[in-house]
Amino acid sequence: MVKRAGGSLLLSVAIDPRSQRPVSTQLYVILRDMILSAAFSAGDRLPASRTLARDLGLSRTTVIEAFDRLTAEGLVESRTGSGTYVSVALRAERPRSAAASERAAAAIAPRLSVVMGEAVARFGDRQRLPHAPRAFTTALPAFDAFPMAQWARLSARYWRGGRDDVMGYGDPCGEARLRRVIASHLRANRGIACDAEQVFIVGGAQQAFHLIGTTLLDPRDKVWFENPGAIGARNSLIATGAELVPVPVDDAGLRVDEGLRMSPRFRLAFVTPSHQQPLGSVMSLERRFALLHAAEQAGAWIIEDDYDGEFFFGGRPPPTLKSVDTTGLVIYVGTFSKSLFPALRLGYLVAPPALVDVFRAIMCKFLQGVPSSTQSVVAEFIDEGHFASHIRRMRRLYAERHDVLRQAARRKLDGLLLLMPTDSGLHSVGYLDPAAREIEIARAADERRITVSPIGRFAIVPIAIRGLVLGFGGVRPEEIEAGVDVLAEVLERHARRPLRAGARP
Ligand SMILES: Cc1ncc(COP(=O)(O)O)c(C=O)c1O
């Protein structure tokens, strides 16, 4: 507190003798805050160091140390023979105190760019993606089956490398070796003929969607988007100011005929052909060709999100859209979030030849890429063959976990939830009665410490079906069984009427 007595200031200052902070730092912070909050006026003379030390019961050296820091920051100035004064420069307009600016920030809506301001208002209610698995978290692979020892060995080896090799800026488009091994992996396993120059490394698939959207879309451009569809991609594209056209999906994937009816002049289409997110259908070959044809006619690009296409456990995997693309309009996006783990924040896009120079220019001019250490360890992991064997093991493991879920659902959820079997991926969908309240069920499930994701959350415009997405890939079998018991109790209480056996919405 400051009192004015005649021409001098009397200060009462609370120093905490038990604090870990040095006393001179405490005094400096208190005086700095007083100056910035205008408790002193510009030009005020501070008490002499000797007086202040005596009044506060401190050593003079402590007070001088605090004054020196204020002087160094230009908040006070000492005039030889006359004393220490609050800097006259502070007469100018200056920031308000922290408390006042917090109040002001709460009262005034911050001014965002028009595009982002609109986007923020349109984002859905997803808070954040899950950190740790529990029954039936989606989006997480099997942490418990990841070969951590090999990973640790490769990481340690990388950091033992020469300083000049590991400490500088990397190639903004991605480490050459990683781009090379991804290209050969895609050639061998996903039928995609591409070379390393077409592969661009980004911080996860979601960043790829944002990069593609900001590169190729203008505000209000029409984007065909699966409805229901992937939430992260939806938000990335919304953030570009694009207008999403909610194209329905069925057992054969995106309804191209509906897309053409709703918006023939589209600029981009976003699809998950290998495993529709969230309903799980595989896009038929006929639809793939119809989509490629429609895109060619409209001069539109297509994003193929192959987020879990590696994990096909039902025989022969369906081809990727990119592998049958003769138009050069498909931008393939892959991620290591499912095939390794999401904390890596590592993904890639495969640009068609026409876009290679564009993405190279953008990434070189103002993106500086993903940490080289992560990229190099992943490249080594793939090159040494661990990736291929991990994928093979995970396919078996996910098939087993899927089976555990199906068996448990058959025993406990009959008449409550129509669980659809899947041939791939880490989650499957269960349908509820169309009158069911998904959100209420999800909330009740959360109170019982299980996670179920309502299908409605994936919809851009309301859809008639009701259901829950259940992740099984990251969940141990015993937790799946226990989770199904809990889910049965929740549904018995909250599903409004039983499902007719075999009734598929
Ligand atoms: C449809 C879809 N695509 C991609 C991803 C992966 O995104 P990222 O690579 O940013 O983790 C997810 C994650 O759950 C997803 O659901």
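What counts and how
Residues numbered from 1 in each chain as written. Predicted model: local features only at pLDDT ≥ 70, side-chain atom pairs only at ≥ 80, totals over all residues. Heavy atoms only, no water. Helix = DSSP H or I, 4+ residues; strand = E, 2+ residues; numbered from the N terminus. Rg over C-alpha atoms; globule rule 2.2 N^0.38 Å. Buried < 20%, exposed > 50% of the residue type's maximum accessible area, 1.4 Å probe, protein only. Areas by Shrake-Rupley, 256 points an atom, 1.4 Å probe, with all protein chains shown as cover. Lys, Arg positive; Asp, Glu negative; His and termini not counted. Charge placed at Lys NZ, Arg CZ, Asp CG, Glu CD. Salt bridge = Lys/Arg side-chain N within 4 Å of Asp/Glu carboxyl O. Near = heavy atom within 4 Å. Polar contact = N/O pair within 3.5 Å; in protein donor to acceptor, adjacent residues only side chain to side chain. Nonpolar A, V, L, I, M, F, W, Y, C, P; charged D, E, K, R; others polar. Core = buried A, V, L, I, M, F, W, Y, C linked by side-chain atoms within 4.5 Å. Contact = heavy atoms within 4.5 Å. Axes fitted to C-alpha atoms, helices over the stretch in contact; angles between N-to-C directions. Parallel < 35°, antiparallel > 145°, perpendicular 65-115°, else oblique. Left-handed = near helix turned anticlockwise from the far one by under 90°. Pairing = 2+ DSSP bridges. Phe/Tyr/Trp six-rings, centres within 6.5 Å; stacked < 30°, edge-to-face > 60°.

A. Focus on the overall build of the protein chain. Scanning the protein chain from terminus to terminus reveals 17 helices and 16 strands. Computed over the C-alpha atoms, the radius of gyration of the protein chain is 30 Å, more than 25% above the 23 Å expected from 2.2 N^0.38 for a compact globule of 505 residues. Taking the principal axes of its C-alpha atoms as reference, the protein chain extends roughly 90 × 55 × 50 Å. Among the 505 residues that make up the protein chain, the fraction classed as buried is 51%. Per element, the accessible surface of the protein chain, about 24,500 Å² overall, is 52% carbon and sulfur. When the 65 positive and 54 negative side-chain charges of the protein chain are each reduced to one mean point, those points stand 5 Å apart.

B. Local environment of the pattern of salt bridges. The final tally for this structure, using the stated rule, is 27 salt bridges. Connected via shared salt-bridge partners are Arg 153, Arg 157, Arg 177, Glu 380, Asp 383 and Glu 384.

C. A look at the site of the ligand. Lining the immediate environment of the ligand, one finds Ala 139, Gly 204, Ala 205, Gln 206, Ala 230, Gln 277, Asp 305, Tyr 307, Thr 335, Ser 337, Lys 338 and Arg 345. Within the contact set of the ligand, a nitrogen atom lies 2.6 Å away from a side-chain nitrogen or oxygen of Asp 305. Here an oxygen atom of the ligand sits 2.8 Å away from a polar atom, N or O, in the side chain of Arg 345. For the ligand, whose free accessible area comes to 390 Å², the fraction covered by protein is 89%. Residue classes in the shell around the ligand are distributed as 4 nonpolar, 5 polar and 3 charged.

D. The arrangement of the nonpolar core in detail. Judged by nonpolar contacts, the single largest core of 67 residues is most densely connected at Phe 136, Phe 336 and Leu 487. A total of 9 residues in this core trace back to one element, the largest contributor, which is helix H15 (residues 386–412). Non-local contacts of Phe 336, meaning those with residues more than four positions away in its chain, are made with Ile 182, Phe 341, Leu 344, Leu 346, Gly 347, Tyr 348, Val 378, Ile 382 and Phe 387. The next biggest cluster of nonpolar side chains, apart from the first, holds 52 residues, and it includes Ala 119, Val 202, Met 283 and Leu 329.

E. Seen up close, the packing of helix H16 (residues 438–447) against helix H17 (residues 477–494). Following both chains from N to C, one finds H16 and H17 inclined at 140°, their axes separated by 10 Å at the closest point. Comparing their axes, H17 and H16 come out oblique. Note on packing geometry: the crossing formed by H16 with H17 is right-handed. Residue-level inspection shows Glu 440, Ile 441, Ala 444 and Ala 445 of H16 in contact with H17, the latter providing Val 490, Leu 491 and His 494.

F. Here's a closer look at the sheet that holds strand E6 (residues 222–227). Pairing in this open sheet of 8 strands is mixed, and the strands run E5-E12-E11-E10-E9-E6-E7-E8 from one edge to the other. Unpaired on one side and paired on the other, strand E5 (199–202) and strand E8 (253–254) mark the two borders of the sheet. In the sheet, strand E11 (residues 330–335) pairs with strand E12 (residues 347–350) via 4 bridges, with the strands oriented antiparallel. Bridging across to E12, Gly 334 finds its partner in Tyr 348. Along the sheet, helix H8 (residues 176–189) contacts E5, E11 and E12; its crossing angle with E5, the most-contacted strand, is approximately 115°.

G. The arrangement of the packing of aromatic side chains in detail. By the definition in use, this model includes 13 aromatic pairs. Both rings, one in Phe 311 and one in Tyr 398, keep their centres 5.1 Å apart while their planes meet at 85°; by these two values the pair is edge-to-face. Residue Phe 311 is found in the loop between strand E10 (301–305) and E11, and its partner Tyr 398 is found in helix H15; the two are separated by 87 residues along the sequence. For the pair Phe 311 and Tyr 398, a shared accessibility class is recorded, and that class is buried. Measuring from centroid to centroid gives 5.8 Å for Phe 336 and Phe 387, while their planes differ by 70°, and the two rings are edge-to-face. Of this pair, Phe 336 sits in the loop between E11 and E12 while Phe 387 sits in helix H15; the two residues are 51 residues apart in sequence, bridging distant segments of the chain.

H. The pairing of strand E4 (residues 83–86), seen in detail. The sheet contact formed by strand E3 (residues 76–79) and E4 spans 4 bridges and is antiparallel. Within the sheet, the bridge partner assigned to Val 76 lies in E4 and is Val 86. Taking the residues that link successive antiparallel strands as the turn, the E3-E4 hairpin has 3 residues, and the phi of Gly 81 there is positive, at about 75°.

I. Layout of the environment of Ser 424. Here Ser 424 lies in the loop between strand E13 (418–419) and strand E14 (427–432). Classification of Ser 424 as buried rests on a relative accessible area of 2%. Between the C-alpha atom of Ser 424 and that of Val 282, which follows or precedes it by 142 residues, the distance is 9.6 Å. For Ser 424, the residues in contact, after removing those within four places along its chain, are Ser 274, His 275, Phe 311, Phe 312 and Phe 313.

Bear in mind that shape data such as this cannot, by itself, settle questions of function.
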